[in-house]
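So you can see what is in the structure, the chains are spelled out below.
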Amino acid sequence: MKKLIDEISEVTAEAFRAAGYDPKYARVTISNRPDLCEYQCNGALAAAKEYHKAPLMIAEAVVEAMKKAAIFQSVDAVKPGFINIIADPGFVSSYLEKMRHDDRLSVDPAAHPETIVIDYGGPNVAKPLHVGHLRSAVIGESVKRMGRRLGHRVIGDVHLGDWGLQMGLIIAELAERKPNLPYFDESFTGEYPSEAPFTISELEEIYPTASKKSKEDDAFKEKALEATAQLQKGRRGYRALWKQIMNVSVTDLKKNYEKLNVSFDLWKGESDAQPYIGPMVEKMKKDGYAYEDQGALIVDVAEPDDQKEVPPCMILKSDGASLYTTTDLATIVQRVQDYHPDEIIYVVDKRQEMHFIQTFRCARKCGLVSPDLKFKFIGFGTMNGKDGKPFKTREGGVMRLETLIRDIDDEMYKKIVDNENRSSANEDARETAGTVGLSALKYGDLSNQASKDYVFDVDRFTSFEGNTGPYILYTIVRIKSILGKYRDQQAASQQAESDGAIISPAGDPEKKLMLQTARWNEALEDAWADYAPHRICAYIYELANDFNSFYHETKILSEKDEAKKESWISLIRLVKDVLEDAIDVLGFSAPDRM
Ligand code: ARG
């Protein structure tokens, strides 16, 4: 469906043309003086320069022409040359009436759907997920859903860190603890056990122990490095052990992501890129882009206009080992080959920005991608505690994601059972607390601009008031409850549930609610243009506020005028559908009651 603001812009452009001015000046925006008008056009000010006329004169002439259109309640030219616009109430309600019957709720699919690979999550195998991984998962999932909602083909890849030193550390530590396992016996040719020699909790203990040991014990560190090299060269026993580590770890990761309502199409990792490295490096050398510098292989990626230094990309170290950048480049080769993407998006901590600048430039320079492939780095800031420092446990350790989720759910549970209005049983309360808790966690993150650091404040995020997930859910639940009561009313008087048309708004709060509802397609497209879920949050927060203002001054169910009541029911049902659509894009859902 055409956007409401575009319909207004087109009529305004027509008026500019009719008055003898270039329609390019007819850009209409949402009013920044909502006390005066709903929309505004400042084009006469710009046109004044071209036509050497007073802006107010131009505005007045355009307004004359605009007054002929039926879609405005009023248009005014005001000093120094603004055009203030108030939409006709019937025009707005008929827009909603169309929207209500559109199964895409007015959101058109992209005219040119793209194939997009989105790289997010990025957990490291065998290390527990910590809150640092939370942001990537939450933001990435929402960006993926946004793209899909607009009709793009978006492929989510978790891009596991599964090939680094952590693997060598675990192998070396296990070799010390359980030297008799067949994995360490080089002469062993039989089949390795199908069961892993550790559980997930053991694995999570083994890695930090080994990591600590390697910092204190050089001989141990040597062993770990050697084990990593052997693994990468393909030593049979180590590969088998690596597979066990992967299995145990990935099973646990999937469980955790499921709790977050995050899911990936691809569970590929750094290891999957390894076969692509050799041929890629050969090509880079052959084409003359990669050259040797003090034994290492590098590609220059600095550009003349660089404001800050962009160091060369190191492709191979002097001992021939590949690096993080090498793996990311080879992964690009693999993605291009397998999915032919138009765009690749990365959702990673903003401290890795330089790495991605180098990687993107190197991929372009060396011709690994076609010139029109787009790269996008969505760098996010740090999640801090109330003290402004990176979020930690009370004991000062790294907070595990599982613990964080549990803390929020407990807090939510307390609030829900404290809520006197609650009628449902306590078992339900647990489930509801999980659903509402997830909204608190995700909305708390997503409502901030991704690139900014933010303070994780459990009290604030779990509040039913203010700009929070629970407030949005509370609003949806309130609408569901009105609709439920309406259904009961109809049943009691043996009337069918009707499907009344949305008619012209009765008052200002109702019109405001209608206008905001009508902006859903605009809000989603704007958010997608900047890959910015926080814009969707801002949109639904305003929508929820507008609904609640309307609700507080309207007695919907006791309204005697049937047409009015039916219209309100249809309107609030539409508001609920939009809110639910939006939170689905954000990656959470609403319970039936709370
Ligand atoms: N595993 C990495 C980390 O924990 C993040 C991976 C991000 N994605 C990528 N393609 N480099 O820092």
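One numbering rule holds for all chains: residues counted from 1, following each sequence as written. Local features in this predicted model are restricted to residues of pLDDT 70 or higher, and side-chain atom pairs are both shown and tallied only at a pLDDT of 80 or more, whereas totals for entire chains, interfaces and linings draw on every residue. Water and hydrogen atoms were dropped before computing side-chain values, which therefore reflect all heavy atoms in the structure.

Visitor: I'm lost on the nonpolar core in this one. Help?
Guide: Soluble globular proteins tend to bury their nonpolar side chains together. Residues belong to a common nonpolar core when they are buried Ala, Val, Leu, Ile, Met, Phe, Trp, Tyr or Cys residues joined through side-chain atoms within 4.5 Å. Residue burial is assigned from relative accessible area. The probe radius is 1.4 Å, only protein chains are included, and a residue is buried under 20% of its type maximum, exposed over 50%, and partly exposed in between. In this structure, Leu404 and Trp520 are the most contacted members of the largest nonpolar core, which totals 156 residues. The element that contributes the greatest number of residues to this core is helix α20 (residues 562-586), accounting for twelve residues. Contact criterion: two residues are considered in contact whenever any of their non-hydrogen atoms come within 4.5 Å of each other. Beyond its immediate chain neighbours, meaning those up to four positions away, Trp520 contacts Met99, Leu105, Val107, Arg149, Ile536, Tyr539, Val578, Asp581 and Ala582. In this structure, Ile315, Val348, Cys362 and Val369 belong to the second largest nonpolar core, which totals 34 residues. Put simply, DSSP H or I for four residues or longer makes a helix, DSSP E for two residues or longer makes a strand, and each gets a number counted from the N terminus.

Visitor: In this structure, what is going on with the environment of Leu181? I would like to understand it.
Guide: Note that Leu181 resides in the loop between α6 (165-177) and α7 (200-216). For Leu181, a relative accessible area of 18% gives the class buried.

Visitor: Got a minute to help me understand helix α18 (residues 520-529) in this structure?
Guide: Each full turn of the α-helix corresponds to 3.6 residues, which orients residues three or four apart in the same direction. Burial analysis of α18 places seven of its ten residues in the buried class, which makes it a mostly covered element. Regarding α18, the residues found buried are Trp520, Asn521, Glu522, Ala523, Leu524, Ala527 and Trp528. Immediately beyond the C-terminal end of α18, within one or two residues, lies Tyr531, with a positive phi of roughly 50 degrees.

Visitor: Where do I start with the pattern of salt bridges in this structure?
Guide: Two side chains with opposite charge may pair up if their charged atoms get near one another. For this document, the term salt bridge refers to a Lys or Arg side-chain nitrogen within 4 Å of an Asp or Glu carboxyl oxygen. This structure, assessed with the given rule, holds 47 salt bridges. Here Asp287 and Lys283 are joined by a salt bridge, their closest N and O atoms 3.0 Å apart. The class of Asp287 is partly exposed, set by a relative accessible area of 33%. Between Asp453 and Lys350 there is a salt bridge; the shortest N-O distance is 3.7 Å. Here Lys350 lies in the loop between β10 (343-349) and α12 (353-365) and Asp453 lies in the loop between α14 (426-446) and β13 (454-455), a separation of 103 residues in the sequence. Overall, the relative accessible area of 35% leaves Lys350 in the partly exposed class.

Visitor: Whenever I open this one, the state of the cysteines confuses me. Can you help?
Guide: Here a disulfide denotes one covalent bond, and it connects the sulfur atoms of two cysteines. We call a pair of cysteine sulfur atoms a disulfide whenever their separation is within 2.5 Å. For the coordinates displayed, the defined rule picks out zero disulfides. Here Cys362 stays unpaired: no disulfide links it, and the sulfur of Cys366, its closest cysteine neighbor, is 4.0 Å away. Residue classification places Cys366 among the buried positions, given a relative accessible area of 2%.

Visitor: Which parts of the structure should I look at to understand the environment of Glu427?
Guide: Here Glu427 lies in helix α14. On the basis of relative accessibility, which here comes to 61%, the residue Glu427 falls in the exposed class. Separated by 177 residues in sequence, Glu427 and Val250 have C-alpha atoms that sit 30 Å apart.

Visitor: Sorry, what's going on with the sheet that holds strand β7 (residues 290-293) here?
Guide: In any sheet, the strands associate via hydrogen bonds between backbone groups, in a parallel or an antiparallel arrangement. Reading across the sheet, the three strands line up as β7-β8-β9 and stay open at both edges, with antiparallel pairing between neighbours. What marks the edges here is a single partner per strand, and that holds for β7 and β9 (313-316). Ignoring which end each strand starts from, the neighbouring axes of this sheet average 45 degrees apart. Looking at chain direction, strand β8 (residues 296-299) and β9 are connected through three bridges and run antiparallel. Within β9, the residue paired with Ile298 across the bridge is Met314. Throughout, an axis means a line fitted to C-alpha atoms (over the contacting stretch in the case of helices), and angles, computed between N-to-C directions, take values from 0 to 180 degrees. The sheet contacts of helix α10 (residues 270-286) involve β7, β8 and β9, and relative to β9 the element is tilted by about 120 degrees. This element, α12, spans β8 and β9 of the sheet and lies at about 70 degrees to β9. Two strands make a pair as long as DSSP finds a minimum of two bridges between them.

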